[in-house]
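# Results of the structural survey
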Amino acid sequence: MENKKFYITTPIYYPSDKLHIGHSYTTVACDALARYKRMQGYDVMFLTGTDEHGQKIQDKAAAKGVTPKEYVDAIVATVKDLWKTMDVSYDRFIRTTDDYHVKSVQKIFTKLHDQGDIYKSTYKGMYCKPCESFWTEAQLKDGKCPDCGGPVYEAEEEAYFFKTSKYADRLLKYYDEHPDFIQPATRKNEMIAFIKQGLQDTCVSRTSVSWGIQVPFDPKHTIYVWIDALSNYITALGYDNDTYHDFDKYWPADIHMVGKEILRFHTIIWPAMLMALDLPLPTKVFGHGWLLLNGGKMSKSKGNAVDPFDALETYGADAIRWYFYTASAPWIPKRFSGKLVQEGQRKFMGTLWNTYAFFVLYANIDEFDATKYTLEYDKLSVMDKWILSRLNSAVKDVDDNLANYRIPEAAKGLDAFVDDMSNWYVRRSRERFWAKGMEQDKINAYMTLYTCLVTICKAAAPMIPFMTEEIYQNLVRSIDAAAPESIHLCDYPVVNEAWIDKELESNMDELLKIVVMGRACRNTANIKNRQPIGQMYVKAEKDLPAFYMDIIADELNVKKVTFTGDVADFTTYTFKPQLRTVGPKYGKFLKGIQQALADLDGNAAMAGLKADGVLRLPEVDASIELSEEDLLITMTQKEGYVTENDADMTVVLDTNLTEELLEEGFVRELISKIQTMRKEADFEVMDQIKVFYQGAEKVGHIFAENCDTIKKEVLATEITAGDQGEYNKEWNINGEKVTLGVSKQ
């Protein structure tokens, strides 16, 4: 196989204080992409590190009474602990105090100076200490630093300058020829505007700060932060040093991921430096938004930072990671919220874990071993084929999004599939796992769910490494010693195109839409789902085959589902003028329009509006033509029917309940209450039980007429009138008082 390389970097973090939770954001995003590429067979170099020089660290160390190196050593130890706790799989960690980096930076500075790209002059301007940035008066925002909003002060000193202005035209040309170099695209426009307003040369040394790398030919100067810090991306590969030897292998970087406040340095100063060194530019620079807390950028200097170790202790690493991936698009500032972390933990991770737990529960009962069976596609049910189609479509979607660094979109694809797997496939297939013996249909259900769980965990492994590893170890390694020892050593899932059936997925999507609207009808009518309904009508753009109609009927507890092209017998429409638009156009006819609309045949008028795009009212005036935006349209339902509709679908439920339907609903309520009591009594899933009851004559009649059905559903061997149960409870079922009892057989 071709040896493919992938080089990804975080910014190197400034250890003036312990990192906050916002720093984890960039790092775990890079980690997800690095893990994904490794699973695809890439030779990955994932670089992170710390930028350890500068005035702020010099001042902090002095205040602590320690040397700057002692100060940063302690902070860097906590950084490495944090990445270990977050399970960040970096390949190399660079510190700008590392000897090899110091020597490389001095060589780079000398080279740029000797070729005329660095010169000595005097700097006079405004300086921001927290950002360690110089600004012109024109660049300040309301007299403050445009990056952090903090105060600046006037500074004047002898300094060396890098000829950034020399490369302005080349930078603009490069942006034009490489439109994806700066992401998101909106930030590219900012960089273009910044250059076009007049690019200034960059101050690259200080005489007032001693904590830094000395200029080798002028020791009273220390090399200013950006030449020092930005060079890390190449010195860490061995550029101008003998510590590492993989510069030619990995450079140029595939992606630098940085915070938006340093995007300008990475897309203007850094490319200009590389041009001056005659080196290729990185493929892409991605600037993400800030993490917000209490309405502002989270930062150490603002004192509003969240301690990452506290957050990890509270929520866990996977939950924090998942929150970062899903809270919003990467370039949009995120508001850190424990509530949102828990919501993602419940919605995605909890659903995945519960589905896995369901499989394990029944697999243990049946002693099911997936290595003893194969997934025979031709023998599968429609539901099995649907979820396998969804699985492969989801993996294809996630793969494409991760390949293009669209992490939130990848997370959404995973979330949607897990929801379908749990809340539709498993829910619709539960009884197959309860069947006695090991018939082919039960094997199919086990193998299908096993395949889905293992595959989706591999697809999600780059993003939630801990949970997916635990599931993999139990589902795969426990029964296959030859399997890779970790999920992170597995290949990324390969899409089986033959199993993708778009028509099947489309039909199931329509079915799900009908079910959602049917549930809304039930809610409107205040009829529980356990109460059967006689008739349901659906008007849609296409009819569904009988298999899907049976699922709809079962899911909504409806006896008969009918697709129809006309629901006029159950619904009608009323029309009123939209005064905001009709008034200015037909003000003098307004009363006549209101009366004419009130007199319309609602269904006929709607049909005409759909066909012609307008309603004409010649009885008022020949000039009047009303479009949909001119009308307030309300769909109303006839008595005994409840309707729901959207642009291309209408669902109608017949809410008239016969005595037979009411009795069946009562039976379903009894079954539900007995199942609840089984759980409350701590019976095992497969325990057989005895059921006892007390109630009015009607209750006795219902038990007598439906005894076999109830026994089958609740795993009862007998049903007896009386109160001898180990666990008894009184219920009110549809207005009837019933005492139920259960005992283990």
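This text gives an overview of the structure that appears in the document. (Residues numbered from 1 in each chain as written. Predicted model: local features only at pLDDT ≥ 70, side-chain atom pairs only at ≥ 80, totals over all residues. Heavy atoms only, no water.)

Looking now at the pattern of salt bridges. Counted by the stated rule, this structure contains 44 salt bridges. With a closest N to O distance of 2.4 Å, E555 and R427 form a salt bridge. Of this pair, E555 sits in helix α19 (residues 546-556) while R427 sits in helix α15 (residues 407-434), and the two are 128 residues apart along the sequence. Classification of E555 as buried rests on a relative accessible area of 6%. Accessibility expressed as a relative area gives 31% for R427, which makes it partly exposed. It is possible to trace a salt-bridge network through shared partners that takes in R427, R428, R519, D554 and E555. (Salt bridge = Lys/Arg side-chain N within 4 Å of Asp/Glu carboxyl O. Helix = DSSP H or I, 4+ residues; strand = E, 2+ residues; numbered from the N terminus. Buried < 20%, exposed > 50% of the residue type's maximum accessible area, 1.4 Å probe, protein only.)

Strand order in this open sheet of 4 strands is β17-β16-β23-β22, and the pairing throughout is mixed. Edge positions in the open sheet fall to β17 (558-563) and β22 (641-646), since each of these has one partner strand only. Adjacent strand axes in the sheet meet at a mean angle of 15 degrees, parallel and antiparallel pairs treated alike. Bridge analysis of strand β16 (residues 533-539) against strand β23 (residues 649-654) gives 4 bridges, and the strand direction is antiparallel. Considered in β23, the bridge of K539 is made with T650. Running at roughly 45 degrees to β23, helix α18 (residues 502-525) makes contact with β16, β17, β22 and β23 of the sheet. (Pairing = 2+ DSSP bridges. Axes fitted to C-alpha atoms, helices over the stretch in contact; angles between N-to-C directions. Contact = heavy atoms within 4.5 Å.)

Turning next to the environment of M467. Structurally, M467 can be placed in helix α17 (residues 465-477). Taking the relative accessible area as the measure of exposure, M467 reaches 12% and is therefore buried. Expressed as a C-alpha distance, the spacing of M467 and W353, which sit 114 residues apart in the sequence, is 8.2 Å. Ignoring anything within four residues of it in the chain, the contact list for M467 reads D318, M349, L352 and W353.

Turning our eyes to something else, we now look at the packing of helix α23 (residues 659-680) against helix α25 (residues 707-714). The interhelical angle for the contact between α23 and α25, taken along N-to-C directions, is 30 degrees, at an axis separation of 10 Å. By the angle between their axes, α23 is roughly parallel relative to α25. In this structure, α23 meets α25 at a crossing whose hand is right-handed. Residue-level contacts link V667, L670, I671, I674, Q675 and R678 of α23 to I710, E713 and V714 of α25. The residue inventory of the contact of α23 with α25, partitioned by class, reads 6 nonpolar, 1 polar and 2 charged. (Parallel < 35°, antiparallel > 145°, perpendicular 65-115°, else oblique. Left-handed = near helix turned anticlockwise from the far one by under 90°. Nonpolar A, V, L, I, M, F, W, Y, C, P; charged D, E, K, R; others polar.)

Bringing the packing of helix α16 (residues 440-460) against α17 into the picture now. At a minimum axis separation of 9 Å, α16 and α17 run at an interaxial angle of 145 degrees. Crossing hand, α16 versus α17: left-handed. Note on element contacts: α17 touches α16 through T468, I471, Y472, L475 and V476, opposite Y450, L453, V454, C457, K458 and A460. Of the residues assigned to the contact of α16 with α17, the class counts are 9 nonpolar, 1 polar and 1 charged.

Note: strands within a sheet are paired through backbone hydrogen bonds, in either parallel or antiparallel orientation. Spatially, β25-β24-β27-β26 is the arrangement adopted by the 4 strands of the open sheet, whose pairing is mixed. Two strands bound the open sheet, and with one partner strand each, they are β25 (716-721) and β26 (727-733). Adjacent strand axes in the sheet meet at a mean angle of 25 degrees when their direction is disregarded. Where strand β24 (residues 689-695) and β25 come together, 5 bridges link them in parallel fashion. Note on β25: the bridge partner recorded for Y693 is A721. On top of the sheet, α23 reaches β24, β26 and β27 (736-744); it is set at about 145 degrees to β26, its chief contact. The strands that α25 touches are β24 and β25; relative to β25, the one it contacts most, it runs at about 130 degrees.

With that settled, the discussion passes to the environment of K120. By the element assignment, K120 lies in strand β4 (residues 118-128). Residues K120 and F348, spaced 228 residues apart in sequence, show a C-alpha to C-alpha distance of 57 Å. Excluding anything up to four places from it in sequence, K120 contacts E158, A159, Y160, D218 and H221. One polar contact links K120 to D218, side chain to side chain, over a distance of 3.0 Å. (Polar contact = N/O pair within 3.5 Å; in protein donor to acceptor, adjacent residues only side chain to side chain.)

One ladder, built from 7 bridges, connects β24 with β27; its direction is antiparallel. Its bridge partner lying in β27, K690 is registered against S743. The sheet contact formed by β26 and β27 spans 7 bridges and is antiparallel. Looking across to β27, one finds that K729 is bridged to L740. Once β26 ends, the chain turns through 2 residues before running back antiparallel as β27, passing N734 with a positive phi of about 50 degrees.

A cis geometry characterises the amide bond from Q183 onward to P184, with omega recorded as 0 degrees. With an omega of 10 degrees, the peptide bond running from W251 to P252 counts as cis. Relative to the assigned elements, P252 resides in the loop between α9 (247-250) and β11 (255-259). Positive phi outside glycine occurs at D240, with the angle close to 60 degrees. In this structure D240 comes out as partly exposed when scored by relative accessible area, which is 25%. Even without being a glycine, N526 presents a positive backbone phi close to 60 degrees. Considering the arrangement of structural elements, one finds N526 in the loop between α18 and β16. Take N526: its relative accessible area is 71%, and that puts it in the exposed class.

For the rest of this paragraph, the subject is α23. A rise of 1.5 Å per residue sets the reference length of α23, with its 22 residues, at 32 Å; its end C-alpha atoms lie 32 Å apart and thus fit the reference within 8%. Every buried residue of α23 is accounted for by L661, G665, F666, V667, E669, L670, I671, S672, K673, I674, M677 and R678. One or two steps after α23, the chain reaches D682, where phi turns positive at roughly 60 degrees. (Expected span 1.5 Å × (residues − 1).)

Enumeration according to the criterion identifies 39 aromatic pairs in this entry. Ring geometry for Y239 and F247: centres 5.2 Å apart, planes at 50 degrees, overall tilted. For the residue pair Y239 and F247, the accessibility class agrees, reading buried in each case. Chaining the aromatic ring pairs together yields one cluster made of F358, F359, Y362, F368, Y373, F433, Y446 and Y450. Over the ring of Y244 we find R92; its NZ or CZ atom is 3.8 Å from the centre of that ring. Sitting above the plane of the F265 ring, R264 keeps its charged end 4.4 Å from the centroid. (Phe/Tyr/Trp six-rings, centres within 6.5 Å; stacked < 30°, edge-to-face > 60°. Lys NZ or Arg CZ within 6 Å of the ring centre and 35° of its normal.)

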